[in-house]
Amino acid sequence: MDSFEEGAGGRREDTATPPRRLMQVLAGESLETPPIWLMRQAGRFLPEYRAVRSQAPNFLAFCYNPDLAVEVTLQPIRRFGFDASIIFSDILVIPDALGQRVRFVEGEGPRLDPLALADVGQLSLERLERHLAPVYEALRRVRAELPPEVTLLGFAGAPWTLATYMTAGRGSPDQAVPRRIAYGDPEGFDRLIALLVEAVSRHLIAQLDAGADAVQIFDSWAGALDQTGFEAWSMAPTAAIVENVRRARPGARIIGFPRGAGAYIGAYAATTGVDAVGLDWSTPFTASRQLPDRVAVQGNLDPMRLVAGGRGLDAAVDRILDAFEGRPFIFNLGHGVTPETPIENVERVVARVRARG
Ligand code: CP3
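Residues numbered from 1 in each chain as written. Predicted model: local features only at pLDDT ≥ 70, side-chain atom pairs only at ≥ 80, totals over all residues. Heavy atoms only, no water.

Draft legend 1. Structural detail: unusual backbone geometry. The residue after G299, namely N300, is reached through a cis peptide bond having omega -20°. Position of N300 among the secondary structure elements: in strand β8 (residues 296-301). Phi angles above zero are rare outside glycine, and Q175 is one such case at about 55°. Turning to its location among the elements, Q175 is positioned in the loop between α8 (159-168) and α9 (176-184). (Helix = DSSP H or I, 4+ residues; strand = E, 2+ residues; numbered from the N terminus.)

Draft legend 2. How the structure looks around the site of the ligand. Contacts to the ligand come from 22 residues, most closely from R40, Y49, D90, S220 and H335. Taking S220, its side chain carries an N or O atom lying 2.5 Å from an oxygen atom of the ligand. Considering the ligand on its own, with 860 Å² of exposed area, one finds that the protein chains cover 88% of that surface. When residues of the shell around the ligand are traced back to their parent elements, those giving at least two are α2 (47-53) and β3 (109-112). Tallied by class, residues from the shell around the ligand come to 13 nonpolar, five polar and four charged. (Near = heavy atom within 4 Å. Polar contact = N/O pair within 3.5 Å; in protein donor to acceptor, adjacent residues only side chain to side chain. Areas by Shrake-Rupley, 256 points an atom, 1.4 Å probe, with all protein chains shown as cover. Nonpolar A, V, L, I, M, F, W, Y, C, P; charged D, E, K, R; others polar.)

Draft legend 3. Fine view of the environment of L132. With respect to the helices and strands, L132 occurs in the loop between α6 (128-131) and α7 (133-145). Sequence spacing of L132 and A206 is 74 residues, and the spatial spacing of their C-alpha atoms is 9.2 Å.

Draft legend 4. Summary view of the environment of G273. Along the chain, the position of G273 falls in the loop between α12 (265-272) and β7 (276-278). For G273, a relative accessible area of 24% corresponds to the partly exposed category. G273 sits 34 residues away from A239 along the chain, and the two C-alpha atoms are 6.8 Å apart. Among residues more than four places away in sequence, those in contact with G273 are V242, R246 and Y268. (Buried < 20%, exposed > 50% of the residue type's maximum accessible area, 1.4 Å probe, protein only. Contact = heavy atoms within 4.5 Å.)

Draft legend 5. Structural context of helix α10 (residues 186-209). Helix length check: α10, at 24 residues, gives a terminal C-alpha distance of 34 Å against a target of 34 Å (1.5 Å per residue), a fit within 8%. In the segment just after α10, G211 is the residue with positive phi, at about 120°. (Expected span 1.5 Å × (residues − 1).)

The following block contains the structure:
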């Protein structure tokens, strides 16, 4: 029996779950010492991740193996003691579950058989939860093993970001192919987005049911769209997902990360109703003034500061802590950890954030 359970004499006096600090922030509290976690905190910068990764035949098989997924989800918690754990999976499990062929090419990234808008009808929602059952199994097992004060996050890609990979078949820095496809056939593109709203809503609800305390919606390519496109295919679908999830699971806590859309975060928060907005590093601190006081900010250290380290890193961390002091705030990066990140720099940032308050 572990120490979080009942003592030998029956129920302990102090069985009350310690507060999950990140959940307090999502409820609108500002904490003197902000909670910290990092996007892509389980990944190739950790030798223990690379050791587990080498046991799986390919990246998707790794994502769908609960034994391996649980282990790599817990690794950064053991090593750094973050306030939140994000389930190890990928945003591209959704197109895979819908029946589009997805593979990851070593050293290159994801490759999908590009989807023509005329073929959206061939995708199917029927097996979604069955296909993604290993993700839910991993969440249940992680929750059972996590210290009680650590928040567990589920996640999904936002419809626009998923659609970029689905239509182009791969990532690209400017999203020229998906933009041309969406602008050229907006009604056809709307049908793909509508299917993804349904898929993402269901996947997030199932993750909450499996033990996720909150969920994050990654719209990594939101900044590639013009204003009309951003409103139609980033904000509106995210608003629909938030509404679907909260209708099914009232009070569900949701973080939105519209990367590259710093100029719109006020409208994004108001339209979508998310509890927190992730900021990338190119967004000025003052943009957070667009947000209502109760909406948390998450971010926004440049991952390259974490790679570079030194006094510049310390100064960047301090400037972020100063900028968001007194408002609900979660310390994070402005995008994911990169593989070349020195572990000691991560330790240094955690210590510096924890020294606050
Ligand atoms: O944050 C975490 O630790 C949880 C796990 C997680 C992964 N991907 C694991 C992963 C999360 C939250 C993601 C999200 C994700 N996946 C996004 C949104 C966030 C972002 O980075 O913009 C996107 C766009 C993807 C799609 C994806 N998956 C790409 C483009 C790549 C290849 C690029 C790369 O870094 O290799 C992946 C692969 C991937 N997903 C890896 C990890 C740890 C690395 C692959 C490996 O270990 O071989």
